Structures are given as structure tokens and as C-alpha cells.
Amino acid sequence: MASQNKMTIVAYPNNKYSGNGNGKCTVSINPASYTHNHKANYNNHTAQGAPGTTLLFQGIPPETISFDIHFDGTGAIENNKTPVKTQIDDFKNICFVYNGTIHEPNYLIVSWGSLVFKCKLTSMNITYSLFKKDGTPLRAKASVTFEEAVSASNIAKEANNQSPDLTHLIIVKEGDTLPLICYKTYGNANYYLQVAEFNKIVNFRDITPGTQLYLPPIK
């Protein structure tokens, strides 16, 4: 039952995270804490002579999580007599080593409690702290960082972007009119002629429900 409370990392061959996976590792000692980093990028360039700076939104980079993983080969952990080097090699084979089948390292899902993070391992620094007389390591700490890795389609679904400076594909519903559609998308019904021309619509007053319409960017 205790193993169900351990952090697990499951490897997958693609960012759809489907199938049985490419392997799994379970962390013997749960992290004492982890950092979940969120960030938004802005362009804060100030023109020469300008009295202030206007922040222009550029985008949201992938989230990251970082924490320390401890490896112990002293025998202090019950049912774990695996040498530290073997433990680290097993971890690297799942999370870090180049996978020749997919021509890149594995995609990963890190799970622990409420944390379910789809990602790739982007950084790993290992510190060895206890050794046998012959130099064989008995304890080590890996400081790791994982970066979010999701498909472009999932990003688009999560964003649900309705900005008028992007191209939109909509399906005409019963009761929709082209001016109404333009008002909902652009905040201005007067763009219906441009949209009709873009979609090669001759009679904008007669659009059949179920028709696909592309709404182009409007500056």
C-alpha cells in the first residue's frame, strides 16, 4: 500500500501519452518539496525618449517543476539494496537517455498526490555525498527540472483563443448570421463583407447551418 504514495515517473514514446508506456520508475524517497514554476513573457522595450514602458504580451512558456531526488545504497531503506549507480542508471534510462526508436528522450508523466505533470526531463545535476572506502557512492542527490511537453492541439484547446488577430474556424449554427458571427469574433459586425469575400460567399444572407467558415485576422 505504501508504494501507492510514492512519486512515479512513466515514460511514453510521444506527447499523446497513450498506450502502456516505455517504462516506469518509482522514487524510493519522496521529495521534501517541489517548485512549480509559471511564467508569462512580455516585451518591455522602451522607445528612446518615451516617458514609460508599455508591457506587450508575447506568450506563456511551458511550466516547469523542479525538486531533489535522493538515492540511498546504505541499506537504510527497507527492501532496497540496489547500488546507487544502478538506481541512477535506471532513472536516466527512463527519463534522460536518448531513445533511438523515437529519436529523442522519452516523454514523461510525473505523478505524486495531486501532481500529474506531462513533461520532459531538461536538467539533472547529481551530487554524491557518502562513499565506501573504494570510492563507490552510497548516497546521491539528483536536482532535476522537468519542462511541460504537450501537443500543439492540446495547447490550442486549453487556450480556446478568441483573439481577433488570429484565424478562426467556426461551424455555422441555426440562427447565425454573418454580421452576428463577426460581432462575436471581432466585436464589430461591419466586417461581414471581408469575411464573405474571404470564404467566397456570394449571398451572405443565406448561409446553411453546418457550413464551415474561416474568419481571417483583422487588424
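Up top is the structure.
Since we're looking at a predicted model, the values are computed, not measured. The residue count restarts for each chain, going from 1 along the sequence in the order it is written. Local features in this predicted model are restricted to residues whose pLDDT is 70 or higher, and side-chain atom pairs enter the listing and the counts only when it is 80 or higher, whereas totals over whole chains, interfaces and linings include all residues. Here the side-chain values reflect all heavy atoms present in the structure, with hydrogen atoms and water set aside.

**Q** Is there a simple way to explain the overall build of the chain in this structure?
**A** A count of helical and extended segments in the chain gives 4 helices and 11 strands. Counting every position in the chain, which comprises 219 residues, the buried fraction comes to 28%. Note on contacts: a residue pair qualifies if any of its non-hydrogen atoms lie within 4.5 Å across the two residues. Restricting to contacts in the chain with at least 6 residues of sequence separation, those with at least 24 account for 58%. The accessible surface values rely on the Shrake-Rupley method and a 1.4 Å probe; as for residues, cover is taken only from the protein chains in view. When the accessible surface of the chain is totalled, it reaches about 14500 Å², and 50% of it is carbon and sulfur. Comment: elements are numbered from the N terminus, with helices defined as DSSP H or I runs of at least four residues and strands as E runs of at least two. Only protein chains enter the accessibility calculation, which uses a 1.4 Å probe. A residue is then buried if its area is under 20% of the maximum for its type, exposed if over 50%, and partly exposed in between.

**Q** What's the story with the nonpolar core in this structure? I'm lost.
**A** If you look at soluble globular proteins, the nonpolar side chains tend to sit buried side by side. Counting residues in each nonpolar core, the largest one holds 25 residues, and the members touching the most others are Phe91, Leu108, Val110, Val144 and Phe146. Going through the elements one at a time, β1 (8–12), β6 (64–72), α1 (84–95), β7 (107–112), β8 (115–131) and β9 (137–148) are the ones with two or more residues in this core. Residues in contact with Phe91, not counting those within four places in the same chain, are Ile9, Cys25, Ile69, Phe71, Phe96, Leu121, Met124, Val144 and Phe146. Here, nonpolar core means buried Ala, Val, Leu, Ile, Met, Phe, Trp, Tyr and Cys residues that are tied together by side-chain atoms lying within 4.5 Å of each other. Within the second largest apolar cluster, 12 residues are counted, among which are Ala196, Ile207, Leu213 and Leu215.

**Q** Which parts of the structure should I look at to understand α1?
**A** Helical geometry: 3.6 residues make up each α-helical turn, so side chains three or four residues apart lie on a common side. Helices are assigned an expected span. That span is 1.5 Å times one less than the residue count. With 12 residues, α1 extends 16 Å between its outermost C-alpha atoms, agreeing within 8% with the 16 Å of an ideal straight helix rising 1.5 Å per residue. Along α1, the residues that are buried comprise Val84, Gln87, Ile88, Phe91, Ile94 and Cys95. When α1 is viewed along its axis, its buried side chains cluster within an angular range of 130° and face the same direction. Note that the arc is defined by the directions from the helix axis to the C-beta atoms.

**Q** Can you help me understand the state of the cysteines in this one?
**A** One way to say it: the disulfide is the covalent bond shared by the sulfur atoms of two cysteines. Two cysteine sulfurs form a disulfide in these notes if their separation is within 2.5 Å. All chains considered together, the criterion is met by 0 disulfides. The thiol of Cys25 is not disulfide-bonded; the next cysteine sulfur, from Cys95, is found 4.2 Å away.

**Q** Explain the sheet that holds β1 to me, please; I cannot follow it from the model alone.
**A** Within a sheet, neighbouring strands are paired by backbone hydrogen bonds and run either parallel or antiparallel to one another. Taken in spatial order, the 7 strands make up an open sheet running β2-β1-β7-β8-β9-β6-β3, and their pairing is antiparallel. Where the open sheet ends on each side, the last strands, each with one partner, are β2 (23–26) and β3 (34–37). Ignoring which end each strand starts from, the neighbouring axes of this sheet average 30° apart. A pair of strands is considered paired only if DSSP assigns at least 2 bridges between the two. As paired elements, β1 and β2 share 4 bridges and run antiparallel to each other. Considered in β2, the bridge of Thr8 is made with Thr26. Note on geometry: axes are lines fitted to C-alpha atoms, helical ones only across the stretch in contact, with angles between N-to-C directions running from 0 to 180 degrees.

**Q** What should I look at first to understand the packing of aromatic side chains in this one?
**A** The relation between two aromatic rings is expressed through the spacing of the ring centres and the mutual angle of the planes. Ring pairs shown here join Phe, Tyr and Trp side chains whose ring centres sit within 6.5 Å, with only the six-membered ring taken for Trp; geometry is labelled stacked below 30 degrees between planes, edge-to-face above 60, and tilted in between. Throughout the structure, instances matching the rule amount to 7 aromatic pairs. Summarising the aromatic geometry, the rings of Phe71 and Phe91 are spaced 6.1 Å apart at their centres and angled 65° between planes, so their arrangement reads as edge-to-face. Placement of the pair is Phe71 in strand β6 and Phe91 in helix α1, with a sequence separation of 20 residues. Among the residues examined, Phe91 registers a relative accessible area of 4% and is labelled buried.

**Q** What exactly am I supposed to notice about the side chain of Lys120 here?
**A** Note on placement: Lys120 falls in strand β8. Overall, the relative accessible area of 16% leaves Lys120 in the buried class. In the analysis that follows, any N or O atom pair within 3.5 Å is treated as a polar contact, provided that within protein one partner can donate a hydrogen and the other can accept it, and provided that, for residues neighboring in sequence, both atoms belong to side chains. Of note is the side chain of Lys120, whose polar atom sits 3.2 Å from the backbone oxygen of Pro105. When sequence neighbours within four positions are dropped, the list of residues in contact with Lys120 reads Glu104, Pro105, Asn106, Tyr107, Leu108, Thr145, Phe146, Glu147 and Ala149.

**Q** What should I look at first to understand the pattern of salt bridges in this one?
**A** Any two side chains of opposite charge can pair if their charged atoms end up close together. By salt bridge we mean one thing: a side-chain nitrogen of Lys or Arg within 4 Å of a carboxyl oxygen of Asp or Glu. In this structure the tally under the stated criterion is 3 salt bridges. Ionic pairing is found between Asp89 and Lys85, a salt bridge with its closest N-O pair at 2.8 Å. With Asp89 and Lys85 both in helix α1, this residue pair falls 4 residues apart, about one helical turn. Take Asp89: its relative accessible area is 29%, and that puts it in the partly exposed class. Of the charged contacts, one joins Lys120 and Glu104 as a salt bridge, the two residues approaching to 2.4 Å between their closest N and O atoms. On the criterion of sequence distance, the pair formed by Lys120 in strand β8 and Glu104 in the loop between α1 and β7 is long-range, its members being 16 residues apart.

Scope: geometric values only; no functional claims are made or implied.
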